[in-house]
Amino acid sequence: MKDQRLIKKNERYTVEIIDLSYEGMGVAKIEGYPLFIENALPGERVEVLVLKAGNKFGYGKVESWLTKSPARQPLKDNRLLRTGIAPLAHLKYEDQLAFKQKQVENVMSKIAHISEVEILPTIGMDVPVGYRNKAQIPVRRMNGRLATGFYKKNSHDLVEIEDYYIQEPAIDQAIARVREILQRFQVRGYNEVKNEGQIRHIIIRRGHYSHEMMVVLVTRKEKFFKGREIAQVIHEEIPEVVSVMQNINEEKTNVILGDKEKILYGRSYIEDQLLGKTYRISAKSFYQVNTQQTEKLYQTAMAFAQLEKKDVVIDAYSGIGTIGLSLADRVKKVYGMELIPEAIEDAQFNALINKVTNVHYEVGKAETVMKKWQEKGIKPSVIIVDPPRKGLDHKFIESAIEMSPEKIVYISCNPATFARDARAFVELGYEVSKVQPVDLFPQTHHVETVALLQRH
Ligand code: SAH
């Protein structure tokens, strides 16, 4: 059949960029057909080469700029866009913040159908680079040596990178050093196609305040020749490293971590501080990647909750307990739940080391534990939720409503599911009274929001 499409691969057009997609791509329309274009900003006129033309939309590449946007800032390295490490790195920071506020406005009107509430200006970061406290870096064999970097967007082609721009510089340096050490010990890089070789990923976590570092070496086989010796050398050459873990992932899969892990050097966790309290963080536990902005996020959440001594608080999706333990001193009781057992072990330990005694934690799915607590007659005055990208399960919302809390503080890393859930709460008798985006992920398209919902 003859291809009837108007726009075809390898054609060139001159277009005007009319919008920025939620992923930070410039959007142009050619007779109604949308083309998504990297490194192109609204208002710019560009010559574009069509790279891919699907039925409903296509992708293009800028060949030259006829005009440039005043919102553009110099791009340090093209690879930041090509890999998706920092898809907004070409947009001035103040415009990134406005872009995120607008994203939230859009979903609140289009998905939640709520127009009364004002979306506050995004809380930004003073120095919006070099902030990430965690890196997960694929390791491959290239030209006879080990290579580290990031995949090109929508592919598994490794682009070698040394300066990741948004990671703490100490982490960038540690990645290069660990790679050199592995090279010295002739550890074989992983081959994804054949599921061969040994080292798959290097994961590094670094306490923002403590500077303690954990290195996780993800290997394909449990048997790791000279693994302990390698770990010892990593500690000697990078003294901040207090923990080297081996995680074993034998499967041919995109999932980074396997189930099994071993300590190769030191302890199985690092410690860090957040709002003056100390936290133990294990390899499998979630921990927010931008410590400075997380403090602002939690402070906003606590201000929205207007806590009083009589309050009973549920900290749902608690991770290692950071939110609940930050506010426990100000309330009567905190209940927290979380899916990952290691995270709950951390939360319990964290309560102990911070001498917090009015908290209770349980492992399980939030929706299941919530129902159980509701049936037991637990009556929270405030429920704080911080779910993953897919948002809340409807059963969770039902149990929450049964408990009838005065306030629900919703922390969201995905505006679309937040808007969907906000709609559900509004239909069940709550009102969205405050919405505050906080920029946890500068230079990227990710949007974090805190909202206050109040019972009528
Ligand atoms: N509040 C914490 C963690 C937020 S991230 C913090 O600020 O650090 C979301 C957490 O939800 C993760 O720890 C994840 O393990 C957990 N999680 C994911 N799905 C879940 C579910 N269905 N029930 C309970 N917890 C879940």
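Conventions adopted
Residues numbered from 1 in each chain as written. Predicted model: local features only at pLDDT ≥ 70, side-chain atom pairs only at ≥ 80, totals over all residues. Heavy atoms only, no water. Helix = DSSP H or I, 4+ residues; strand = E, 2+ residues; numbered from the N terminus. Rg over C-alpha atoms; globule rule 2.2 N^0.38 Å. Contact = heavy atoms within 4.5 Å. Areas by Shrake-Rupley, 256 points an atom, 1.4 Å probe, with all protein chains shown as cover. Lys, Arg positive; Asp, Glu negative; His and termini not counted. Charge placed at Lys NZ, Arg CZ, Asp CG, Glu CD. Near = heavy atom within 4 Å. Polar contact = N/O pair within 3.5 Å; in protein donor to acceptor, adjacent residues only side chain to side chain. Expected span 1.5 Å × (residues − 1). Buried < 20%, exposed > 50% of the residue type's maximum accessible area, 1.4 Å probe, protein only. Pairing = 2+ DSSP bridges. Axes fitted to C-alpha atoms, helices over the stretch in contact; angles between N-to-C directions. Arc of directions from axis to C-beta. Core = buried A, V, L, I, M, F, W, Y, C linked by side-chain atoms within 4.5 Å. Domains from an automatic or database assignment. Left-handed = near helix turned anticlockwise from the far one by under 90°. Nonpolar A, V, L, I, M, F, W, Y, C, P; charged D, E, K, R; others polar. Buried area = accessible area lost by both parts, 1.4 Å probe.

Per an unreviewed UniProt entry, the recorded name for the protein is TrmA family RNA methyltransferase, and the organism is Enterococcus ratti.

With that settled, consider the overall build of the protein. The helix and strand inventory of the protein stands at 10 helices and 22 strands. For the protein, whose C-alpha radius of gyration is 24 Å, the value lies close to the compact-globule estimate of 23 Å for 456 residues. Each principal axis of the C-alpha atoms in the protein carries an extent, and together these give about 65 × 60 × 45 Å. Taking the intrachain contacts of the protein between residues at least 6 apart in sequence as the baseline, contacts between residues at least 24 apart amount to 64%. For the protein, the accessible area works out to roughly 20,800 Å², and carbon and sulfur atoms hold 50% of it. With 66 positive and 60 negative side-chain charges, the protein shows a separation of 4 Å between the mean positions of the two kinds.

This brings us to the site of the ligand. Around the ligand, 17 residues are found, and the nearest of them are Tyr298, Tyr317, Glu338, Ala366 and Asp386. In this structure, a nitrogen atom belonging to the ligand sits 2.9 Å away from a main-chain N or O atom of Tyr317. Backbone polar atom of Leu339 to a nitrogen atom of the ligand: 3.2 Å apart, as the coordinates give it. Considering the ligand on its own, with 570 Å² of exposed area, one finds that the protein chains cover 90% of that surface. Residue assignment for the shell around the ligand shows that the elements contributing at least two residues are helix H6 (322-327) and helix H8 (366-376).

For helix H5 (residues 291-305), which comprises 15 residues, the first-to-last C-alpha distance of 21 Å matches the rise-based estimate of 21 Å (1.5 Å per residue) to within 8%. Most of H5 is tucked away, with 11 of its 15 residues classed as buried. Within the sequence span of H5, burial applies to Thr291, Gln293, Thr294, Glu295, Leu297, Tyr298, Thr300, Ala301, Met302, Phe304 and Ala305. Contacts from the buried residues of H5 go to strand S14 (269-274), H6, strand S19 (382-385), strand S20 (407-412), strand S21 (430-438) and strand S22 (448-455).

As a further point, take the sheet that holds strand S5 (residues 45-53). Spatial strand order, S1-S5-S6-S4-S3-S2: 6 strands in an open sheet with mixed pairing. Both outer strands of the open sheet, strand S1 (12-16) and strand S2 (19-20), are each paired with one neighbouring strand and no more. In the sheet, strand S4 (residues 33-37) pairs with strand S6 (residues 58-65) via 3 bridges, with the strands oriented parallel. Each bridged residue has a counterpart across the sheet, and for Phe36 the counterpart in S6 is Tyr59.

Ordered in space as S9-S8-S7-S10-S11-S12-S13, the 7 strands form an open sheet in which the pairing is mixed. Whereas interior strands pair on both sides, the edge strands pair on one side only; in this sheet they are strand S9 (158-160) and strand S13 (260-266). Mean inter-strand twist for the sheet, computed between neighbouring axes without regard to direction, equals 35°. Alignment of strand S7 (residues 134-142) against strand S10 (residues 199-206), held across 5 bridges, turns out to be antiparallel. Of the residues in S10, the one forming a bridge with Pro138 is His201. Against the sheet, helix H3 (residues 169-184) contacts S7, strand S8 (145-151), S10 and strand S11 (213-219), and its axis sits at roughly 145° relative to S10. Of the strands in this sheet, S11, strand S12 (241-248) and S13 touch helix H4 (residues 227-237), which is tilted by about 50° from S13.

Moving on to H4. Among the residues making up H4, those that are buried are Gly227, Ile230, Ala231, Val233 and Ile234. Mapping the buried residues of H4 onto a view down its axis gives an arc of 160°, with all of them on the same face. In H4, the exposed residues that point more than 90 degrees away from the buried face are Arg228 and Glu236. Buried residues belonging to H4 abut H3, S11, S12 and S13.

The subject of this paragraph is the nonpolar core. Counting residues in each nonpolar core, the largest one holds 83 residues, and the members touching the most others are Leu182, Val215, Leu217, Ile234, Val244 and Leu327. Viewed by domain, this core spans two of them, domain 2 (97-126 + 290-455) and domain 3 (134-274), each represented by three or more residues. Leu217 has contacts with Val178, Leu182, Ile199, His201, Ile202, Phe224, Ile234, Val244, Met245, Gln246, Asn247 and Leu264, leaving out every residue within four places of it along the chain. The next biggest cluster of nonpolar side chains, apart from the first, holds 39 residues, and it includes Ile314, Met370, Val385 and Phe396.

Now for the packing of helix H9 (residues 394-403) against helix H10 (residues 415-427). Each pair of packed helices gets described by two things: the angle between the helix axes and the distance between those axes. Axis separation between H9 and H10 bottoms out at 11 Å; the angle between their running directions is 35°. Regarding H9 and H10, the two cross each other, and that crossing is right-handed. Residues His394, Ile397, Ala400 and Ile401 of H9 touch H10, and the partners they reach there are Asp421, Ala424 and Phe425. Taken together, the residues that form the contact of H9 with H10 break down as 5 nonpolar, 1 polar and 1 charged.

Before going further, it helps to examine the environment of Leu158. Take Leu158: it is sitting in strand S9. Separated by 16 residues in sequence, Leu158 and Met142 place their C-alpha atoms 9.2 Å apart.

Attention now moves to the domain arrangement of the protein. The domains assigned to the protein are domain 1 (1-72), domain 2 (97-126 + 290-455) and domain 3 (134-274). In this structure, domain 2 and domain 3 have C-alpha centres spaced 32 Å apart. Across the boundary between the two partners, domain 2 contributes 11 residues, which contact 8 residues of domain 3. Taken together, the two surfaces of domain 2 and domain 3 that pack against each other cover about 720 Å², and 65% of this comes from carbon and sulfur. Its largest share of buried area at the contact with domain 3, domain 2 owes to Thr291, Glu295 and Gln443, together 53% of the area lost on that side. Among the secondary structure elements, those contributing two or more residues to the side of domain 2 that touches domain 3 are H5 and helix H7 (341-353). The biggest single contributor to the side of domain 2 that touches domain 3 is H5, with 5 residues. Of the residues that constitute the side of domain 2 that touches domain 3, the class distribution is 4 nonpolar, 6 polar and 1 charged.

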